[in-house]
Each structure stands twice: as structure tokens, then as C-alpha cells.
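These are the residues of each chain, in order.
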Amino acid sequence: MAEEKEPAQHGGAHAVAAARMHGASTMFTLSGGHVFPLYDGAVKADPPMRMVDVRHEQTAVFAAEATARLTRNPGLAVVTAGPGVTNTVSAITTAWFNGSPVVVLGGRAPDYRWGSGGLQEIDHPPLLAPVTKRAWTEHQASAVGAAVDEAFRLATAPHRGPVFLDFAMEALFGDGGPYQPAAVAGVSGPAASGAGATASGAAAAGVAGPDPADVEAIAGLLARASRPVLVLGSDVWLTGAENAAREAACELHLPVIANGQGRGILPAGHELLVTRARSAAFGGADLVLVAGTPLDFRLGYGEFGGRDGNGPAQVVHVADSPSHLATHCTLAGSAAGDLAAFFTMLAEAVPKAMRRAGAAAPPWTDTWLPRLAAAARDAIAADQALLTSDADPVHPMRVYGELARVLDDDAVVIGDGGDFVSYAGKYLEPQRPGSP
């Protein structure tokens, strides 16, 4: 008896099946005729893929990015051709700056009438290429699944970021034959969602660890430092390295400043968390180790030290890929690769380096760490007057004073507006990562 073959499916069904293999569980979209097969594939999937229809394509991408950043699974947005795609540019650019793994699938006018003025005919990839890891078009129905698989692999590979893929109408509506799923490393079916989900990046994709020689060099710098500071950025959370980072900080007794989604890796009130003493820490440090965030305007472009008669601080930069190591400033050390592996290796290497240097204990625990901890406590105490202020009009800090009393540990706060959001980042200190 001949083997029974899987039934043929259109390209849209192949796209949905491939997306689900990478943990995408929700399709954010604004309905458009060019992408109807993707909707058909979503509702006929087993189980169906959840669809969220929004009022503007920009919102679809923002929602996909928020999903990616909170769950650490890639986000999925689907938009129609022409203005449907161009409306996404600002949101895709934001995902590009944030290193968020988002896949945007777009419709496209048919190839057989290309150049004749078809509905919303425009060549999208050149518009998106500057703000994506890759932007391209798939023309064959039989290759749609493989193209979507490639898009998700690119989006989640270090350094993460958005990917754009559009399809000629023939590719989505055409017969793609039986679907043959590609093997996805580290993913078996839809990935778990939620703040505690395993990242679909570093560990799952088998990202290489940093060069041991680089870690040894950084350990040597720490062993010789008197006033070090560890900065934990968003990529520490996004790559699933938060536990290793917390364990390393605690084992080495390093003062920590949390940045972006690195906030919460050490909970509010932790003895090593000195984010509120940021100015004193950065100004007085002799070594600043920055992990998982760029040395951009938020960190003074990597210029630290120089306060109270001290010289400039040495700077170490650690990133999940070599392409994201700073090149605009002088680094005393650097390492690139799986961030969890880096922190595990560092925690093992520093005590050995200190023994070689003849140090019995970290010198910064006697004076530097207590000084920063005291400065952080003083800053928090000084806030209380404005956090409870009865001023009219209402002071922004009063809003956060009230919120802090009622927010659960897993609450997600969404803010709109630069300065007001800055207050939130300063005064709402999360108790755990993934929920700032």
C-alpha cells in the first residue's frame, strides 16, 4: 500500500506552520487582501493561531515587538502591500534600535503583472533594508515555508533584530505542495510564553561562548580593580542570561547598575543594586564592565571616572555578538558570545585571578560597595517628599509614588512620553526581570 501523502497547502499555510515552529503564537495584523492566505492558514491551523487585528500597521509591529521583549519568543506582524508596509517603518526602526526579534511578513503585488501598476505595487525590501537584518521577497509557493523559517532564524540569531519578508501574490495564494517543516534547533512546537519562558536565542540556538582568553583578561582587570561597577543591560534578559548574571554579581560582590530590561535581575532593595547611586558610581569607578547594552548616550558614550581627583575608568564591553562591541571608544577588554556562558566563566575566573594577584577578598567590598550602597539609600530617602507631594498641579513623581504602592511584582507598566517615562524608569524598580 502506497504511503499516504500530506495534503497540498497554499503558501500562507506554509508560512503559518513555519512561524509556529519558532514559537510565534500570535499574529498582529491589519486586514488586507494581499495577505488573506496567511489569515486562512492561521484559522485553519491545529490549533488555530491567535490573530489580533489592530487599527494601524505601526501598532501591529509595536505589539509584536512588545510580545518578543516580554516573552523572549519572536514576535510576528503581518501587513498588506504598499501603504500597509510603509506604515510599519517607524515601528520596525524601533525594533532595530532595540535588538528585538520581530518578523514582519508583507503582501506584494503579483509578479505576472509587475510593472503594470497593480494594486499597491511597490518594491518594499529596499525601503526596509537599512533597518532590518534582512529584507527580501519570496516568489515561489513551494519555498514560502523555508523563507519564513529563514526569517525567524535570522531574527533570533545574535545580535537579534527585525526581519522583513514579503511574498508575491502567486507565492501566498499558490499551491505549495505538502508542507515539510525544517528542523528548528532548540524548539519543538510552539515555545512557552510568559516572562519565565526560556529565551529562544542563546541556549536554544547553540550560540558560541566567548573566547576564554578574553574572559581571563577581563578577570585580571577585575582582580586589579578597587572601584568596579557592573552594568546589566536588556540583552542579559533577552538572551536568558539573567540567572547567570545575578549569580556572578553575588559571588563576586559587585555593585550593579541595571539598565533597560536588565532592571529586576537584582530585585529592588538588593544590597548590590546601586542604580540610584549611578552618578557617584560612574564618576568614581576605576573599572566599568558593561554587559548586554551599547555604550551609547544612555551610558555617556562609554566615558566613566574622572570625579574626585580620580582618573578615567577602564571600560570593558561584553555583547552577544562581535558586531555589537563598541568601536567608538577605547576598551580595556571585551568579550562576545553567549552572555550566560560569559558570566559563568567570569565567576570562576575572577577568584583565580585574585589569588594570583595575592588578594584574599575583593578590595571593593570594604569601602567602595558600602559607599555606593549608602548613596543609593540616601537618594531613595530623598525621593519620599516628592513621591508623596500634594503639589498642584500634580508632580510626576506623585503618580509613581501612588503606583508603586499598588503594582504587583509581575505588573507591566506601559508609558508614553519621554520625560514621564524617564520618571518611571527611575522610580519604579521591578522585583524581577521581564516585567519593567
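Residues numbered from 1 in each chain as written. Predicted model: local features only at pLDDT ≥ 70, side-chain atom pairs only at ≥ 80, totals over all residues. Heavy atoms only, no water.

Here's the deal with the overall build of the chain
The condition that has to hold: The numbering of helices and of strands both runs from the N terminus, where a helix is a DSSP run of H or I of at least 4 residues and a strand a run of E of at least 2. Each radius of gyration reported is based on C-alpha atoms, and the globular scaling rule is 2.2 Å times the count of residues to the power 0.38. Buried residues are those whose accessible area, probed at 1.4 Å on protein chains only, stays under 20% of the maximum for their type, while exposed residues exceed 50% and partly exposed ones sit between those limits.
In terms of regular secondary structure, the chain is built from 17 helices and eleven strands. Its C-alpha atoms give the chain a radius of gyration of 24 Å, within 12% of the compact-globule value 22 Å for 436 residues. Along the three orthogonal principal directions, the C-alpha set of the chain runs to about 75 × 60 × 40 Å. A total of 436 residues make up the chain; the buried ones form 51% of that total.

A closer look at helix 16 (residues 396-406)
Count 3.6 residues to each turn of an α-helix, and residues three or four apart come out pointing the same way. Keep this limit in mind: Working definition: the arc comes from the directions between the helix axis and the C-beta atoms, pointing outward to the latter. Contacts between residues were defined by any pair of non-hydrogen atoms, one from each residue, lying within 4.5 Å.
For helix 16, the full list of buried residues reads Met397, Tyr400 and Gly401. All buried residues of helix 16 fall inside an arc of 110° around its axis, so they share one side. Of the surrounding secondary structure, the elements contacted by the buried residues of helix 16 are helix 15 (368-387) and helix 17 (418-427).

Considering the sheet that holds strand 11 (residues 333-336)
Condition: Here, strands pair whenever DSSP counts at least two bridges between them. Under this scheme, a helix contributes an axis fitted over its contacting stretch, all axes are lines through C-alpha atoms, and angles between N-to-C directions fall in the 0 to 180 degree range.
Strand order in the open sheet formed by five strands is 8-7-9-10-11, with parallel pairing between adjacent strands. The sheet is open, and its two borders are formed by strand 8 (256-258) and strand 11, each paired with just one other strand. Adjacent strand axes in the sheet meet at a mean angle of 15°, parallel and antiparallel pairs treated alike. Two strands pair when backbone bridges link them, and strand 7 (residues 228-232) and strand 8 are joined in this way by three bridges, in the parallel orientation. Residue Leu232 lies in a different strand from strand 8, and its bridge partner there is Ala258. Packing against the sheet, helix 10 (residues 212-223) makes contact with strand 7, strand 9 (287-291), strand 10 (314-319) and strand 11, and its axis sits at approximately 140° to strand 11.

Some remarks on the packing of aromatic side chains
Cut-off, in case you're wondering: Classification of ring pairs uses Phe, Tyr and Trp, with its six-membered ring standing for Trp, and accepts pairs whose centres are within 6.5 Å; under 30 degrees between planes counts as stacked, over 60 as edge-to-face, and the remaining range as tilted.
On inspection of all chains with the given rule, the structure shows three aromatic pairs. Where Phe36 meets Tyr39, the ring centres are 6.0 Å apart and the plane angle is 50°; that geometry is what we call tilted. Of this pair, Phe36 and Tyr39 both sit in helix 2 (residues 36-44), separated by three residues, roughly a single helical turn. Here Phe36 falls in the partly exposed class, since its relative accessible area comes to 44%. Note on Tyr39: relative accessible area 11%, which makes it buried. With a centroid separation of 4.8 Å and an interplanar angle of 50°, the aromatic rings of Phe282 and Phe304 are classed as tilted.

A word on the side chain of Arg69
To be explicit about the condition: In the analysis that follows, any N or O atom pair within 3.5 Å is treated as a polar contact, provided that within protein one partner can donate a hydrogen and the other can accept it, and provided that, for residues neighboring in sequence, both atoms belong to side chains.
Structurally, Arg69 is set in helix 3 (residues 57-71). Among the polar contacts made by the side chain of Arg69, one reaches the main-chain carbonyl oxygen of Asn98 at a distance of 3.4 Å.

Points about the packing of helix 3 against helix 5 (residues 89-98)
Rule in force here: Any angle between 65 and 115 degrees counts as roughly perpendicular, while under 35 counts as roughly parallel, over 145 as roughly antiparallel, and the rest as oblique. When residue character is reported, Ala, Val, Leu, Ile, Met, Phe, Trp, Tyr, Cys and Pro are called nonpolar, Asp, Glu, Lys and Arg charged, and the others, Gly included, polar.
Contact pair helix 3 / helix 5: the axes reach a minimum separation of 8 Å and the direction vectors enclose 25°. Taken as axis vectors, helix 3 and helix 5 run roughly parallel relative to one another. Along the contact surface, helix 3 presents Gln58, Val61, Phe62, Glu65 and Arg69, while helix 5 presents Ser90, Ala91, Ile92, Thr94, Ala95 and Asn98. A class-by-class count of the residues in the contact of helix 3 with helix 5 yields five nonpolar, four polar and two charged.

What about the nonpolar core?
Filter applied, for reference: Among the buried residues, those of types Ala, Val, Leu, Ile, Met, Phe, Trp, Tyr and Cys that are joined through side-chain atoms within 4.5 Å form a nonpolar core.
In terms of nonpolar packing, the biggest core is built from 61 residues, with Val236, Leu289, Phe304, Val318, Phe342, Phe343 and Leu346 touching the most fellow members. It is helix 14 (residues 339-356) that provides the largest number of residues to this core, a total of ten residues. Each residue touching Val318, except ones within four places of it in the same chain, is listed here: Ile218, Leu289, Val290, Ala291, Gly292, Leu325, Ala335, Leu339 and Phe342. Core analysis: the next-biggest nonpolar cluster, separate from the first, contains 29 residues, Ala18, Met49, Val78 and Ala151 among them.

Notes on helix 5
For helix 5, the set of buried residues is Ala91, Ile92, Thr93 and Ala95. Contact partners of the buried residues in helix 5: helix 3, strand 4 (102-106) and helix 6 (125-128). The first or second residue beyond helix 5 is Gly99, which carries a positive phi of 65°.

Details of the sheet that holds strand 5 (residues 135-138)
An order of 2-1-3-4-6-5 is seen for the six strands of this open sheet, with the pairing classed as parallel. What marks the edges here is a single partner per strand, and that holds for strand 2 (50-53) and strand 5. Strand-to-strand twist of the sheet, defined as the mean angle between neighbouring strand axes without regard to direction, takes the value 25°. As judged from the four bridges shared by strand 5 and strand 6 (residues 163-167), these two strands associate in the parallel manner. Paired with Glu138 across the bridge in strand 6 is Phe167. Along the sheet, helix 7 (residues 144-156) contacts strand 3 (75-79), strand 4, strand 5 and strand 6; its crossing angle with strand 6, the most-contacted strand, is approximately 170°.

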